[in-house]
Amino acid sequence: MFDRDRVVRFTIEAVCLALVSVFIMVLGIFATNGNEYERVQSGYYETYNQVLEASSYQPIQSSLISGYSGINGVYEGLDAEGNPVGYVIEVEVTDHNTGYPLELLVGVDYNTASLTGLMRDPRDSGMSSVTDEQIGIIAAQTLGSQIPVAYGVDLQTEGQDISDQVRLEGLNDGIYYAQSLSADRSGYIDYVEMSIENGVITMVQWDAFNTDMNIKNRRESSLDGVYEVSGLNWASQSYILCHALIDVQNPDLLAMKSDGTTDIIDGVTVNIRTFCNLCVECIENSRAGFDKDMYFAGLQEIVDGLFEGDFASLGVVNDDGYIVFSFDGYPGVFLGEDGTSLNLRQRVTGDMSDYSDFDSSAADGGGETVDGGRSNEDGVRMSDTSYDVDSVDGLPMTEIKTFIEGIEGHIVITSDIVSAINTAYRFLKDYLNWMA
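Computed from a predicted structure; not experimentally measured.

Student: For the overall build of the protein chain, give the residues involved together with the corresponding values.
Tutor: For the protein chain, the helix and strand inventory stands at eleven helices and 14 strands. In the protein chain, which comprises 436 residues, the share counted as buried stands at 46%. Relative to all contacts within the protein chain whose residues are 6 or more apart in sequence, the contacts with residues 24 or more apart total 61%. As displayed, the protein chain has an accessible area near 21,500 Å², and 48% of this comes from carbon and sulfur atoms.

This is the structure in structure tokens:
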């Protein structure tokens, strides 16, 4: 048996041993955590220091990030004293040439809201068509400049008002529509829908439905691989072309050649004649105050004159509500008394006024009319035109701080990279309220 003194001594030794063990364990935890912190910081430094020089980087934890479209992560850069020097934002945008994601790192200075760096995120999938060289071109044009950014336009050039420079005259706000009156050889009927706000074209959609309603729209068929064209799929080319028109505001500036193609819009190889003609019709409808509802009512009126029954009973309305009817067998419906070809608005209203005057000081001449469509054989380089927009990436033009030339001949790629920069700006503005 242990006597009382030995029991006390044993207990004290056990307690001391336990305390020493706990102390050693705590030291180990601190050492491990320190090593882990250094390891994490080393990884941060290796990547983020390329876009924002800082002594350390701390991830920002906020519910705003998880719900913010296009933002994958945000890191605050700190100096040696722990003071903020800027932010690194992991941004993801869609490469509209391919539909694949493009992930970029954007560095922004804390005090000046200027761009400190721009590069591809090392974790980017690499499936985007955007090259490191193209990212570098935009970086060279924006580094050290305040964000947000716009390309191809400068509100302060020679004191001119951009809206007066290239805005088409006489446009009425609203939604306007035009469709081909005859189906093409594949049974497709093209249509263009256009929104105009404050006298500016803000949305354009080009697609085609088929007279065989079991066949998907051309856009969907192209994405499924059923409808094929040379180069990018048709849906991507339609997207690029529509946004090019929004940028230049005038179908003449798309520089359609006599063969119906254009050389100035990167990625567009399809014939754009039908698109341009329908855009011109939408613009003329806007000037005449003939909106989409009136257009559909006009179609109904014409079909009523040919048949008994409404569109639903005739089975010419598709699931999207568009009127699918080809007037191939009724060519005389759109001929005037003197044999002149009429569009739907002219046929319904009898208004033969000339709404075709594209009076824009930025236009380089409308060119000659070829097969009923406009042609500008020499074309206009996108980089040589001014853009008439009231906003960029949802930001008012009055908020834009830096204007760049972009990448010549690559309007879509320029737009995608600029959108990444502006997405970073919008987040910081919303999160910190420091750059309004």
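Student: For the sheet that holds strand 4 (residues 101-109), give the residues involved together with the corresponding values.
Tutor: The antiparallel open sheet is built from five strands, whose spatial order is 1-2-3-4-5. Strands with a single pairing partner mark the edges of an open sheet, and in this sheet they are strand 1 (56-59) and strand 5 (115-120). Neighbour-to-neighbour, the strand axes of this sheet turn through a mean angle of 25 degrees, independent of strand direction. Along the sheet, helix 3 (residues 132-142) makes contact with strand 4 and strand 5, crossing strand 5 at roughly 175 degrees.

Student: Give me the lowdown on helix 3, citing residues and values where you can.
Tutor: Three or more residues of helix 3 are buried, namely Gln134, Ile135, Ile138, Ala139 and Thr142. Each buried residue of helix 3 lies within a common arc of 145 degrees when the element is viewed along its axis, so the set occupies one face. Relative to its buried face, helix 3 has exposed residues pointing more than 90 degrees away, namely Asp132, Glu133 and Ala140. In this structure, the buried side of helix 3 is in contact with strand 4, strand 5, strand 6 (149-151), strand 14 (402-404) and helix 11 (411-432). Directly beyond the C-terminal end of helix 3, a positive phi value near 85 degrees is found at Gly144.

Student: Outline the side chain of Ser128, supporting the account with residue identities and numerical values.
Tutor: Residue position: Ser128 is located in the loop between strand 5 and helix 3. At 3.0 Å, the side chain of Ser128 forms a polar contact with the side chain of Asp95. For Ser128, the side chain forms a polar contact with the main-chain nitrogen of Val130, separated by 3.0 Å. When neighbours within four sequence positions are excluded, Ser128 is seen to be in contact with Asp95, Thr98, Tyr100, Pro101 and Leu102.

Student: So what about the nonpolar core? Which residues, and what values?
Tutor: The biggest cluster of nonpolar side chains holds 88 residues, and the ones touching the most others in it are Ile89, Leu118, Met194, Val204, Leu254, Phe275 and Ile417. The element that contributes the greatest number of residues to this core is helix 11, accounting for eleven residues. In this structure Met194 touches Gly174, Ile175, Tyr176, Ile201, Met203, Val204, Leu245, Cys279, Cys282 and Ile283, once residues within four positions along its chain are discounted. With ten residues, the next largest nonpolar core counts Tyr48, Val51, Tyr75 and Met119 among its residues.

Student: Before we move on, could you go through the environment of Val204 and cite the residues and values that matter?
Tutor: For Val204, the position within the fold is in strand 9 (residues 200-210). Val204 sits in the buried class, given a relative accessible area of 8%. For the pair Val204 and Tyr176, spaced 28 residues apart in the sequence, the C-alpha separation amounts to 9.6 Å. Dropping the residues within four chain positions of it, Val204 is found in contact with Val192, Glu193, Met194, Cys242, Leu245, Ile246, Phe275 and Cys279.

Student: I'd love a proper account of the packing of aromatic side chains, names of residues and values included.
Tutor: Each pair of aromatic rings is reported with the distance of its centres and the angle of its planes. Counting across every chain of the model gives 21 aromatic pairs. Taken together through their ring pairs, the aromatic side chains of Tyr177, Tyr191, Phe209, Phe290, Tyr295, Phe296 and Tyr322 make up a single cluster. Sitting above the plane of the Tyr188 ring, Arg218 keeps its charged end 5.0 Å from the centroid.

Student: Outline the packing of helix 3 against helix 11, supporting the account with residue identities and numerical values.
Tutor: Interhelical geometry of helix 3 versus helix 11 gives an angle of 55 degrees and a closest axis separation of 10 Å. Classified by the angle between their axes, helix 3 and helix 11 sit oblique to one another. Where helix 3 crosses over helix 11, the two elements pack in a sense that is right-handed. Note on element contacts: helix 11 touches helix 3 through Ile413, Thr414, Ile417 and Ile421, opposite Gln134, Ile135, Ile138 and Thr142. Looking at side-chain class alone, the contact of helix 3 with helix 11 contains five nonpolar, three polar and no charged residues.

Student: With reference to specific residues and values, describe the state of the cysteines.
Tutor: Under the defined criterion, the tally for this structure stands at zero disulfides. The thiol of Cys276 is not disulfide-bonded; the next cysteine sulfur, from Cys279, is found 6.4 Å away. By relative accessible area, which is 4% here, Cys276 ends up buried. Free cysteine Cys279: the closest other cysteine sulfur is in Cys282, separated by 6.3 Å. The buried category is assigned to Cys279, whose relative accessible area is 0%.

Student: Account for the sheet that holds strand 7 (residues 174-179), naming residues and giving values.
Tutor: Spatially, three strands are ordered 7-8-9 in an open sheet, and the strand pairing comes out antiparallel. Each end of this open sheet is capped by a strand with a single partner; those strands are strand 7 and strand 9. Neighbour to neighbour, the strand axes of the sheet diverge by 15 degrees on average, direction disregarded. Sitting on the sheet, helix 7 (residues 273-288) is in contact with strand 7, strand 8 (188-197) and strand 9, with an inclination near 40 degrees to strand 8. Along the sheet face, helix 8 (residues 292-306) touches strand 7 and strand 8 and points at about 35 degrees away from the line of strand 7.

Cut-offs applied
- Residues numbered from 1 in each chain as written.
- Predicted model: local features only at pLDDT ≥ 70, side-chain atom pairs only at ≥ 80, totals over all residues.
- Heavy atoms only, no water.
- Helix = DSSP H or I, 4+ residues; strand = E, 2+ residues; numbered from the N terminus.
- Buried < 20%, exposed > 50% of the residue type's maximum accessible area, 1.4 Å probe, protein only.
- Contact = heavy atoms within 4.5 Å.
- Areas by Shrake-Rupley, 256 points an atom, 1.4 Å probe, with all protein chains shown as cover.
- Pairing = 2+ DSSP bridges.
- Axes fitted to C-alpha atoms, helices over the stretch in contact; angles between N-to-C directions.
- Arc of directions from axis to C-beta.
- Polar contact = N/O pair within 3.5 Å; in protein donor to acceptor, adjacent residues only side chain to side chain.
- Core = buried A, V, L, I, M, F, W, Y, C linked by side-chain atoms within 4.5 Å.
- Phe/Tyr/Trp six-rings, centres within 6.5 Å; stacked < 30°, edge-to-face > 60°.
- Lys NZ or Arg CZ within 6 Å of the ring centre and 35° of its normal.
- Parallel < 35°, antiparallel > 145°, perpendicular 65-115°, else oblique.
- Left-handed = near helix turned anticlockwise from the far one by under 90°.
- Nonpolar A, V, L, I, M, F, W, Y, C, P; charged D, E, K, R; others polar.
- Disulfide = S-S within 2.5 Å.

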